[in-house]
Amino acid sequence: MRLRKIKGADETVAASPYVIHPASEGPLPWKKLFANERPLHIEIGTGKGRFLMELAKANPSANYIGIERYTSVLIKAIRKMEAQPLPNLFFLCMDAANLEQYFAPGDVERIYLNFSDPWPKDRHARRRLTSETYLKRYDAVLAPLGQLEFKTDNEALFDFSLESIRASGWKLLGCTRDLHRDTQMNEGNIMTEYEEKFSAQGNPIYKLIAAR
């Protein structure tokens, strides 16, 4: 994935009070960070932050951490937080492959994946965020009743994800191939920037909810 480098992005992320800067190795002391023990939800690939900010604003009874690997993207979410700070949301700049380094078993109640990179070439399948490789990482940090929610406009990636869920022994709790026409699955849905764009073009949105 190639991104345009934004001057000053690294420095802004490093200095931002809205970004978690781990002081040592090991799981994040997130309960101390939020000063409460409310359920923790995370979004992997938080992008510009719109989805998670709206979700955190609508659900003050939960804590949220948005994970984004690229500073040139995360800086846009930081700017949104500077304009509208939320006490139950922080960001973390990291590669999701290192998830188990930052979260302990049972830490996370819900994981959101929204419009993840499809990595269309077969040789890159393990990099897809719904691959069996990543599902094992999620299994390591999810609470016993934790859930995974995944949205995409890419049908091939969605089919791959369904197969990964089955092959990993996870349970499919919800599934739709046209989210915005599915009254039950679309209830309370918060759109991402990508979702709004793709929907306006007439593309269906695919969504699944899974648990172990």
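Note: the structure precedes this text.
Procedures and definitions
- Residues numbered from 1 in each chain as written.
- Predicted model: local features only at pLDDT ≥ 70, side-chain atom pairs only at ≥ 80, totals over all residues.
- Heavy atoms only, no water.
- Salt bridge = Lys/Arg side-chain N within 4 Å of Asp/Glu carboxyl O.
- Helix = DSSP H or I, 4+ residues; strand = E, 2+ residues; numbered from the N terminus.
- Buried < 20%, exposed > 50% of the residue type's maximum accessible area, 1.4 Å probe, protein only.
- Phe/Tyr/Trp six-rings, centres within 6.5 Å; stacked < 30°, edge-to-face > 60°.
- Polar contact = N/O pair within 3.5 Å; in protein donor to acceptor, adjacent residues only side chain to side chain.
- Contact = heavy atoms within 4.5 Å.
- Pairing = 2+ DSSP bridges.
- Axes fitted to C-alpha atoms, helices over the stretch in contact; angles between N-to-C directions.
- Right-handed = clockwise from strand over helix to strand, strands pointing away.
- 1 Å grid on protein atoms, 1.4 Å probe; cavity = no way out; pocket = protein on both sides within 12 Å on 5 of 7 lines; lining within 4 Å.
- Points joined across faces, edges and corners; volume = space filled by probe spheres on them.

Chemist: Mind showing me how you'd approach the pattern of salt bridges here?
Modeler: Opposite charge on two side chains permits pairing when their charged atoms draw close. One pass over the structure, following the stated rule, counts 14 salt bridges. Between D159 and R177 there is a salt bridge, and its shortest N-O distance comes to 2.7 Å. A residue pair is termed long-range when its members are at least 10 positions apart, and D159 in helix 7 (residues 155–167) and R177 in the loop between strand 6 (171–176) and helix 8 (183–186) qualify at 18 residues. Residue R177 is classed as partly exposed on the basis of its relative accessible area, which comes to 37%.

Chemist: Help me understand the packing of aromatic side chains in this model?
Modeler: This model, assessed by the stated rule, comprises six aromatic pairs. A centroid spacing of 5.9 Å and a plane angle of 20° characterise the contact between Y194 and F198, whose relative ring orientation is stacked. Of this pair, Y194 and F198 both sit in helix 9 (residues 193–200), four residues apart, roughly one helical turn. Take Y194: its relative accessible area is 48%, and that puts it in the partly exposed class. F198 sits in the buried class, given a relative accessible area of 15%.

Chemist: Quick question: what am I supposed to make of the environment of N203 here?
Modeler: With respect to the helices and strands, the residue N203 is situated in the loop between helix 9 and strand 7 (206–211). Within the structure, N203 has its side chain in polar contact with the side chain of Q201 (distance 3.4 Å).

Chemist: Would you mind showing me how to read the side chain of E195 here?
Modeler: Relative to the helices and strands, E195 resides in helix 9. Within polar-contact distance, the side chain of E195 engages the side chain of K151 at 2.6 Å. E195 has contacts with F115, K151, L179, H180, N189, I190 and I205, leaving out every residue within four places of it along the chain.

Chemist: How should I be thinking about the sheet that holds strand 3 (residues 89–93) in this particular structure?
Modeler: Two strands in a sheet stick together by hydrogen bonds in their backbones, pointing the same way (parallel) or opposite ways (antiparallel). Spatial strand order, 3-2-1-4-5-7-6: seven strands in an open sheet with mixed pairing. The open sheet has two edge strands with one neighbour each: strand 3 and strand 6. If you compare each strand with its neighbour and ignore which way they point, the axes differ by 15° on average. Note that strand 1 (residues 40–44) and strand 2 (residues 63–68) share five bridges and pair parallel. Among the inter-strand pairings, I42 is bridged to a residue of strand 2, identified as I65. Relative to the sheet, helix 6 (residues 132–141) contacts strand 1, strand 4 (108–114) and strand 5 (142–152), its axis offset from that of strand 5 by approximately 140°. In the packing of helix 7 onto the sheet, the strands contacted are strand 5, strand 6 and strand 7, and the crossing angle to strand 7 comes to about 15°.

Chemist: Help me understand the pairing of strand 4 in this model?
Modeler: One face of the sheet, then the other: side chains in a regular strand alternate in exactly this way. Of all seven residues making up strand 4, five are buried, and the element is well covered by its neighbours. Looking at chain direction, strand 1 and strand 4 are connected through five bridges and run parallel. Across the sheet, the residue bridging to L40 is V108, located in strand 4. Pairing analysis gives six bridges linking strand 4 to strand 5, with the strands arranged parallel. Bridge pairing links I111 to L148 in strand 5. Read from strand 4 through helix 6 to strand 5, the crossover connection turns out right-handed.

Chemist: Any chance you could explain the layout of surface pockets here in plain terms?
Modeler: Here the idea is plain: a probe the size of a water molecule rolls over the atoms and shows the empty space left. Computed from the structure, the second largest pocket encloses a volume of approximately 420 Å³. If you go around the second largest pocket, you meet 24 residues; those closest to its centre are R110, E149, E187, G188 and K207. For the lining of the second largest pocket, the secondary structure elements donating two or more residues are helix 3 (50–58), strand 4, strand 5, strand 6, helix 8 and strand 7. If you tally residues by element for the lining of the second largest pocket, the top one is strand 4, at four residues.

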